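Residue strings, one per chain:
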Amino acid sequence: MSAGGAPSASVLVIAYRMRATIAESIASALAQTVPSEIIVSDDSSGDGTFEAAQQALAGYAGPHRVCVRSTPRNLGLCAHLVELAAIATGEVLVFLAGDDVAYPQRVERLLAQMH
């Protein structure tokens, strides 16, 4: 549990061939009202998704701990999620696809239900 008693969160932004939408998805992850670990991970798309994610996070200096990565080879959805779950440090995992946009209070509300 974090200092305030609520569990910590890792937001896993998972992408495969989502170059056109990844920046908006990342922006919604960064807009979360609770400081979280955010892992943006491209599953070896080869279409520029990883580069678009890097660009969307360039110069970010906010309250979240952010990482952008790419798998060395395409894993497929389930194996990709398993890999990310193994490296995430949050007590609660919040999944966000690279073509999803989350409300800013999504993590806050999820954590409140678990507190």
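Described below are features of the structure shown in this document. (Residues numbered from 1 in each chain as written. Predicted model: local features only at pLDDT ≥ 70, side-chain atom pairs only at ≥ 80, totals over all residues. Heavy atoms only, no water.)

Things to note about the overall build of the protein chain
Next up, step 1: Within the protein chain, the secondary structure is distributed over 4 helices and 4 strands.
Next up, step 2: Going from N to C terminus, the protein chain has its helices and strands arranged as β-α-β-α-β-α-β-α.
Next up, step 3: Dimensions of the protein chain along its principal axes, counting C-alpha atoms only, are 40 × 25 × 20 Å.
Next up, step 4: Across the 115 residues that make up the protein chain, the buried fraction comes to 38%.
Next up, step 5: Within the protein chain, counting contacts between residues at least 6 apart in sequence, those at least 24 apart form 81% of the total.
Next up, step 6: Accessible surface for the protein chain amounts to roughly 6200 Å². Of this, 56% is attributable to carbon and sulfur atoms.
Next up, step 7: If the 7 positive side-chain charges of the protein chain are averaged to one point and the 11 negative ones to another, these points end up 2 Å apart. (Helix = DSSP H or I, 4+ residues; strand = E, 2+ residues; numbered from the N terminus. Buried < 20%, exposed > 50% of the residue type's maximum accessible area, 1.4 Å probe, protein only. Contact = heavy atoms within 4.5 Å. Areas by Shrake-Rupley, 256 points an atom, 1.4 Å probe, with all protein chains shown as cover. Lys, Arg positive; Asp, Glu negative; His and termini not counted. Charge placed at Lys NZ, Arg CZ, Asp CG, Glu CD.)

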